[in-house]
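Breakdown of the fold
Take a look at the letters that make up each chain.
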Amino acid sequence: MQRIVVGVMMLFCCLGTVAAAAEKHSGTIDLAALKILDLQTAQTIALASNPDMAAAQARVEQARARVRQAAATWWPSLDLNGGGARQRLSESSYRASSNLYSKFGLSTDQTTEQYSANLQATWVLFDGFYRNFKEQQAAYDEQSVSAALVDSQRLLVTSVAEAFLNAQLAQTYIDIARADETFYTRQLEDAQNRYDVGAGPWGDILNIKVQVNSAKTSLIRSQREFEAAGYGLAALMGLPEATFPPNLRLEALDKARAATSSKEKTEQLIQDALATRPDVRRLENVVKQTDAATGMAKAPFYPKVHIAGALEGAKEGDMGLDEDDFGNTVAMNMSWNLYAGGADKARLIEAEQARREAGYTLAGLRNSIAAEIRQDLALLAAAEEQVRLQRETVQLVEENRDLAKNEYEAGEASLVRLNEAQRDLITTYGRLAQALVGHQLAQQRLLSATGRNLNVLQKQPGNR
């Protein structure tokens, strides 16, 4: 029981801290004034501005209201009623009434007015523990919905990271294409000068122009891909019309970033994830909800007892009721359904099977988390090795390209060799960028799988 209480306290502390951090950070960020957008800033803005997070928070408030509704059933119900009626008898009915009343020396009116007022109170004393379990179910539902909000934030932070890194990769391809275009533009100038003095063939100029156009084509394609990736990122961040302010650039890909894998033991990461992931907390509360629902399903097997009281007043011809016009009633009632065609037993069986289903679902999630962490660790190690190999390859290809360039300028190698060396260099730059982004994506996915990505975001300097 103590572990449950501690877990609930940790959940709400995490929820409150993330919400407060997002609200504080978003309040200090003027996106229009930014020139460079980094990943942590994008994630924080998304937490504060994404409409899905606001919808999830609204669901939490609904769950809290349901808890108050369940608690209200412990109190008595009090109803005040009042009414008035005016009745006019038909001629035949009036004559019949007058004849009847006249035999006793009485008279009657054709038109009468009747006024009444009553105050009724009802209090359920025992309902087979239904209210106990209903209140428990509502409380667990609130905790479940709160955990779902935190889980939505965890998934949103991961989605923003993937969208940001993909956009960052497209932006890096733009830089690579521009560098390729710049290289061949300079080569075109040199080839033109050599041709003008009769030291170079016209074919080299034509060949280099083709390479310039190819670099421009790659640049245009990369720009369009970056633009498309930006729309997706802006939508996740909750920006109006899913567009960034003009002249906003993403933080450049850090090519010197250290590519390291997790040093923690796999089993420890799995245990930490099972203890902290909000989707696990959500399903644990769902299991508790089904336990409470089973208790609610047993309530019809018990009698129901309630007391009722009423203060009732009525008066004819005048709405001014006084104490002489009121009477009262106090009663205690007990009802016990002895047979309902097996419906109560069927409802209990349904509730018990729902509890089993929730338990199996939770067990399946635990297995999925363990598999996810093991897979992410393997992918992270592979990504680390790819970064190392691509960095070594870049050094080799850069040296080869420079050698081919010097040989071509000295007339010792053909333009074909230079083109091949430059093409290899551009391809290798792209592969290095892919490896770096892949490594960061693997890190982000591992953080998400362990449930730590929100904690890491809170520890960023801008979120303190």
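1. Here's the deal with the side chain of Q440
Within the fold, Q440 resides in helix 10 (residues 415–450). Setting aside chain neighbours within four positions, we find Q440 in contact with L165, Q168, L253 and R257.

2. Quick notes on a nonpolar patch on the surface
A cluster of nonpolar side chains, contributed by L78, L80, L119, L311 and F326, occupies part of the molecular surface with about 490 Å² of accessible area. Within the element layout of this structure, L80 appears in strand 2 (residues 77–88). For L80, a relative accessible area of 70% translates into the label exposed.

3. Looking at helix 3 (residues 51–72)
A rise of 1.5 Å per residue sets the reference length of helix 3, with its 22 residues, at 32 Å; its end C-alpha atoms lie 32 Å apart and thus fit the reference within 8%. Of the residues making up helix 3, those classed as buried are M53, A56, V60, A63, V67 and A70. Axial view of helix 3: buried residues confined to an arc of 85 degrees, hence all on one face. For helix 3, the exposed residues lying more than 90 degrees away from the buried face are P51, R68 and Q69.

4. A closer look at the packing of helix 9 (residues 343–409) against helix 10
Between helix 9 and helix 10, the least distance of the axes is 7 Å, while the angle of their chain directions is 160 degrees. Taken together, the axes of helix 9 and helix 10 are roughly antiparallel relative to one another. Seen along the crossing, helix 9 lies across helix 10 with a hand that is left-handed. Split by residue class, the contact of helix 9 with helix 10 holds 23 nonpolar, ten polar and twelve charged.

5. Thoughts on unusual backbone geometry
For F129, which is not a glycine, the phi torsion comes out positive at approximately 65 degrees. Its location among the elements puts F129 in the loop between strand 3 (111–126) and helix 5 (130–196). Phi is positive for N247, close to 70 degrees, though the residue is something other than glycine. By the secondary structure assignment, N247 is in the loop between helix 6 (202–236) and strand 4 (249–250).

6. Some words on the layout of surface pockets
The space that makes up the second largest pocket amounts to roughly 500 Å³. Around the second largest pocket sit 30 residues that line it, and R257, Q440, Q443, Q444 and L447 are the ones nearest its centre. Breaking the lining of the second largest pocket down by element, the ones donating at least two residues are helix 2 (39–49), helix 5, helix 10 and helix 11 (453–458). The leading source of residues in the lining of the second largest pocket is helix 10, at six residues. Looking at the lining of the second largest pocket residue by residue, the classes come out as twelve nonpolar, twelve polar and six charged.

7. Quick word on the nonpolar core
Counting 36 residues, the largest nonpolar core has L37, F164, L233 and M237 as its most contacted members. Counting only elements with at least two residues in this core, the list comes to helix 2, helix 5, helix 6, helix 9, helix 10 and helix 11. Here this core gets ten residues from one element, more than from any other, and that element is helix 5. Look past the residues within four positions of M237 in its chain and what remains in contact with it is L37, A42, I45, A46, S49, N50 and F244. Among the nonpolar cores identified, the runner-up in size contains 19 residues, and I270, A358, L362 and L380 belong to it.

8. Quick look at the environment of V456
In this structure, V456 sits in helix 11. With 416 residues separating them in the primary sequence, V456 and Q40 have C-alpha atoms 9.5 Å apart.

9. Brief notes about the sheet that holds strand 5 (residues 304–316)
Two modes of strand pairing occur in sheets, parallel and antiparallel, and in both the strands are linked by backbone hydrogen bonds. Strand order in the open sheet made by the four strands is 2-3-5-6, with antiparallel pairing throughout. Looking at strand neighbours, the two that pair on one side only are strand 2 and strand 6 (326–335), the edges of this open sheet. Ignoring which end each strand starts from, the neighbouring axes of this sheet average 20 degrees apart. Both strand 2 and strand 3 contribute to a ladder of twelve bridges, which runs antiparallel.

How each quantity is defined
Residues numbered from 1 in each chain as written. Predicted model: local features only at pLDDT ≥ 70, side-chain atom pairs only at ≥ 80, totals over all residues. Heavy atoms only, no water. Helix = DSSP H or I, 4+ residues; strand = E, 2+ residues; numbered from the N terminus. Contact = heavy atoms within 4.5 Å. Patch = residues over 30% accessible without salt bridge, like charges linked within 9 Å, V, L, I, M, F, W, Y side chains within 5 Å. Areas by Shrake-Rupley, 256 points an atom, 1.4 Å probe, with all protein chains shown as cover. Salt bridge = Lys/Arg side-chain N within 4 Å of Asp/Glu carboxyl O. Buried < 20%, exposed > 50% of the residue type's maximum accessible area, 1.4 Å probe, protein only. Expected span 1.5 Å × (residues − 1). Arc of directions from axis to C-beta. Axes fitted to C-alpha atoms, helices over the stretch in contact; angles between N-to-C directions. Parallel < 35°, antiparallel > 145°, perpendicular 65-115°, else oblique. Left-handed = near helix turned anticlockwise from the far one by under 90°. Nonpolar A, V, L, I, M, F, W, Y, C, P; charged D, E, K, R; others polar. 1 Å grid on protein atoms, 1.4 Å probe; cavity = no way out; pocket = protein on both sides within 12 Å on 5 of 7 lines; lining within 4 Å. Points joined across faces, edges and corners; volume = space filled by probe spheres on them. Core = buried A, V, L, I, M, F, W, Y, C linked by side-chain atoms within 4.5 Å. Pairing = 2+ DSSP bridges.

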